[in-house]
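Geometric and topological summary
Residue-level listing of the chains:
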Amino acid sequence: MQNNLSVVVLDKNQNSREIIKSYLEEIDLVGDIKLYDDYTQGFEAVKEGNCIVIMDISSGGDDVNQIAGSIKLYTSKLVITSVDCSTNTIINALRMGAKEFLPKPILKSDLERVIAMLYAIDGEEDSSQSKIITVYSNKGGIGKTTIAVNLAVELAKVTKDKVALIDLNLQLGDISTFLNLNPTFDVNYVIRRLINKDEKELIQAFEKYKTTSLYVLSDPSYIEQSESITPQQITMLFEALKKMFPYIIIDMSSNIDGNSLKILDCSDWILFTTIVNIPAIRNAQRCLNLFRSRRYPADKVKIVINRYMDNEEIKIEDIENTLSQKVYWKIPNNYFTIMEAINKGISISEVNANSNIANNFRDFASKVSDDIIEQAVIKYRA
Ligand SMILES: Nc1ncnc2c1ncn2[C@@H]1O[C@H](COP(=O)(O)OP(=O)(O)OP(=O)(O)O)[C@@H](O)[C@H]1O
Ligand SMILES: [Mg+2]
């Protein structure tokens, strides 16, 4: 086997650096090994190219946190180690973008396993950690696109990870209008021409939103193109996306048909959106029954209340009782800020970063990413 992996070790403890080095030297896949106790110097080595980084955060400190947060911009192959194995530390490590957390003292067998895993996913996202989050409502005009767009923008800002925003409202999509994009390619082109190509070619079909890490794929330019897209092709699209993006946000139509059911079935999370009025909640009840009949896991469907006002006659507890489920998130009513964002083709936070609704979307994105990280932590605690 080729020994071509280069590994950068950042660890302030000399003994620990030497032990990791001795373990790495016995792994055939590993070629170049660089050791640093100075994290700023080590970071310069990380910037040089595609390497595996093993970084100890036991000492804490702002420099450690800041450098760990920036490493994921240069490599996705980050392993974090610490003598402290508390849930908080593991959450912190995953939030910094670690693919794996290894408790100290490191076991040789653990290090071998992790290096083999990182070698296997070389150049690709680990699709098992990627999440497809679909914003859905079985009623039109409820705010699906507003939520999908602004959640995706804020998720990209909060996590600095690659976020995909896909317009699967195949006939009436309007994400490109919401973000004032003029896309060259669309979902139809990707499905027909690029699905089996490698990541570098595929990602060029996406429009990057300004300087963020958000990548947008628009709905087909012609309605008739959307008619020939099949549920099988949607599955293939999702498989390809999962290899490229840790977060995939889907906007779709309210219809229930073969393609919609495929999208909903394949999603990891459904942000099921409703507003506080009796007809909307009745509709929501019917749809949640459909989800139950399809045996979706309990934590897959999350209820989001849009256009919420504190003085509503119908209380959140009434909605929770009717729907037999807790509300996951509430988004305030703020028509003017949202309309300004839509009319200017920018995100809500760019209209007014201090508005109640911009703050709400920032907190919403943090909660979504924290909850996903917590799900991943369960694996370490199992
Ligand atoms: N939190 C909110 N406060 C005030 N107005 C809102 C809010 N969310 C959405 N709206 C308004 O509701 C309208 C419909 O929003 P949007 O287009 O996002 O809905 P949709 O569910 O995607 O609709 P469709 O079913 O047509 O795709 C927009 O004009 C938007 O300004
Ligand atoms: Mg819409």
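Residues numbered from 1 in each chain as written. Chains lettered and ligands numbered in written order. Predicted model: local features only at pLDDT ≥ 70, side-chain atom pairs only at ≥ 80, totals over all residues. Heavy atoms only, no water.

**Considerations on the sheet that holds strand 9 (residues 214–217)**
The eight strands are arranged 8-9-7-10-6-11-12-13 in an open sheet whose pairing can be described as mixed. Every other strand in the sheet has two partners, leaving strand 8 (207–208) and strand 13 (327–332) as the edge strands with one partner each. As paired strands, strand 7 (residues 163–168) and strand 9 are joined by four bridges and run parallel to one another. The partner of L165 across the bridge, within strand 9, is V216. Strands strand 12 (301–308) and strand 13 of the sheet are contacted by helix 14 (residues 316–323), whose axis makes an angle of about 145 degrees with strand 12. (Pairing = 2+ DSSP bridges. Helix = DSSP H or I, 4+ residues; strand = E, 2+ residues; numbered from the N terminus. Contact = heavy atoms within 4.5 Å. Axes fitted to C-alpha atoms, helices over the stretch in contact; angles between N-to-C directions.)

**Focus on the site of ligand 1**
In the region of ligand 1, 21 residues are neighbours, and G141, K144, T145, T146 and N306 sit closest. At a separation of 3.0 Å, an oxygen atom of ligand 1 approaches a polar backbone atom of I142. At 2.9 Å, a backbone N or O of N334 approaches a nitrogen atom of ligand 1. Its free accessible area being 640 Å², ligand 1 has 83% of it covered by the protein chains. (Near = heavy atom within 4 Å. Polar contact = N/O pair within 3.5 Å; in protein donor to acceptor, adjacent residues only side chain to side chain. Areas by Shrake-Rupley, 256 points an atom, 1.4 Å probe, with all protein chains shown as cover.)

**Describing helix 14**
Residues of helix 14 that are buried: I316, I319, E320 and L323. Considered in projection along helix 14, the buried side chains sweep an arc of 100 degrees and stay on one side of the axis. (Buried < 20%, exposed > 50% of the residue type's maximum accessible area, 1.4 Å probe, protein only. Arc of directions from axis to C-beta.)

**Brief notes about the domain arrangement of the protein chain**
Taken domain by domain, the protein chain consists of domain 1 (5–120) and domain 2 (127–381). When each unit is reduced to the centre of its C-alpha atoms, the spacing between domain 1 and domain 2 is 33 Å. The interface is formed by twelve residues belonging to domain 1 together with twelve residues belonging to domain 2. Buried surface at the junction of domain 1 and domain 2, summed over both partners, amounts to about 1000 Å²; 56% is from carbon and sulfur atoms. If you look at where domain 1 meets domain 2, you find one salt bridge. Note that R95 and D370 form a salt bridge whose closest N and O atoms lie 2.6 Å from each other. At the boundary of domain 1 and domain 2, one finds one residue pair in polar contact (both at pLDDT 80 or more). Considering every element that reaches the side of domain 1 that touches domain 2, the biggest residue donor is helix 4 (residues 87–95), with five residues. (Domains from an automatic or database assignment. Buried area = accessible area lost by both parts, 1.4 Å probe. Salt bridge = Lys/Arg side-chain N within 4 Å of Asp/Glu carboxyl O.)

**Focus on the state of the cysteines**
Each disulfide is one covalent bond, formed between the sulfur atoms of two cysteines. The final tally for this structure, using the stated rule, is zero disulfides. Looking at C266, it has no disulfide partner, and the nearest cysteine sulfur is the one in C287, 16 Å off. You can call C266 partly exposed: its relative accessible area is 25%. (Disulfide = S-S within 2.5 Å.)

**Digging into the pattern of salt bridges**
Summed over the entire model, instances satisfying the criterion amount to 18 salt bridges. Close ionic contact of E25 with K21 constitutes a salt bridge, the shortest N to O distance being 3.3 Å. Pair noted here: E25 and K21 are both in helix 1 (residues 14–25), with a separation of four residues, about one helical turn. Residue E25 is classed as exposed on the basis of its relative accessible area, which comes to 52%. Across the salt bridge formed by D56 and K104, the nearest N and O atoms sit 3.4 Å from each other. Taken together, the positions of D56 in strand 3 (residues 52–56) and K104 in the loop between strand 5 (100–103) and helix 5 (108–120) put the pair 48 residues apart, joining distant regions of the chain. Residues D56 and K104 agree in their burial class; the two are buried. Within this structure, D11, D56 and K104 form a network of salt bridges that share partners.

**A short note on the nonpolar core**
Counting 47 residues, the largest nonpolar core has I166, L168, V187, F206, F245, F272 and F291 as its most contacted members. What F206 contacts, discounting residues up to four positions off in sequence, is A164, I166, Y215, V216, L217, L241, M244 and F245. (Core = buried A, V, L, I, M, F, W, Y, C linked by side-chain atoms within 4.5 Å.)

**Side note on the sheet that holds strand 2 (residues 30–36)**
Strand order in the open sheet formed by five strands is 2-1-3-4-5, with parallel pairing between adjacent strands. Among the strands making up the open sheet, the edge pair consists of strand 2 and strand 5. Within this sheet the neighbouring strands show an average axis-to-axis angle of 20 degrees, counted without direction. In this sheet, strand 2 lies alongside strand 1 (residues 5–10) in parallel orientation, the contact comprising five bridges. Residue pairing in the sheet places V9 in a bridge with L35 of strand 2. With respect to the sheet, helix 3 (residues 62–71) is in contact with strand 1, strand 3 and strand 4 (78–82), its orientation differing from that of strand 3 by roughly 160 degrees.

**Examining the packing of aromatic side chains**
Applying the stated rule across the entire model yields twelve aromatic pairs. Aromatic side chains F185 and Y189 sit 4.8 Å apart centroid to centroid with 35 degrees between the ring planes, which places their arrangement in the tilted category. Here F185 falls in the partly exposed class, since its relative accessible area comes to 29%. Its relative accessible area of 29% is what places Y189 among the partly exposed residues. Consider the rings of F361 and F364, whose centres lie 6.4 Å apart with planes at 40 degrees: the pair is tilted. Note that F361 and F364 are positioned in helix 17 (residues 356–381) at a spacing of three residues, about one turn of the helix. Overall, the relative accessible area of 1% leaves F361 in the buried class. (Phe/Tyr/Trp six-rings, centres within 6.5 Å; stacked < 30°, edge-to-face > 60°.)

**So, the environment of N13**
Looking at where N13 falls in the secondary structure, it is placed in the loop between strand 1 and helix 1. Taking the C-alpha atoms as reference points, N13 and R282, 269 residues apart in sequence, are found 61 Å from one another. Here N15 takes part through its backbone nitrogen, which lies 3.0 Å from a polar atom of the side chain of N13. Here S16 takes part through its backbone nitrogen, which lies 3.0 Å from a polar atom of the side chain of N13.

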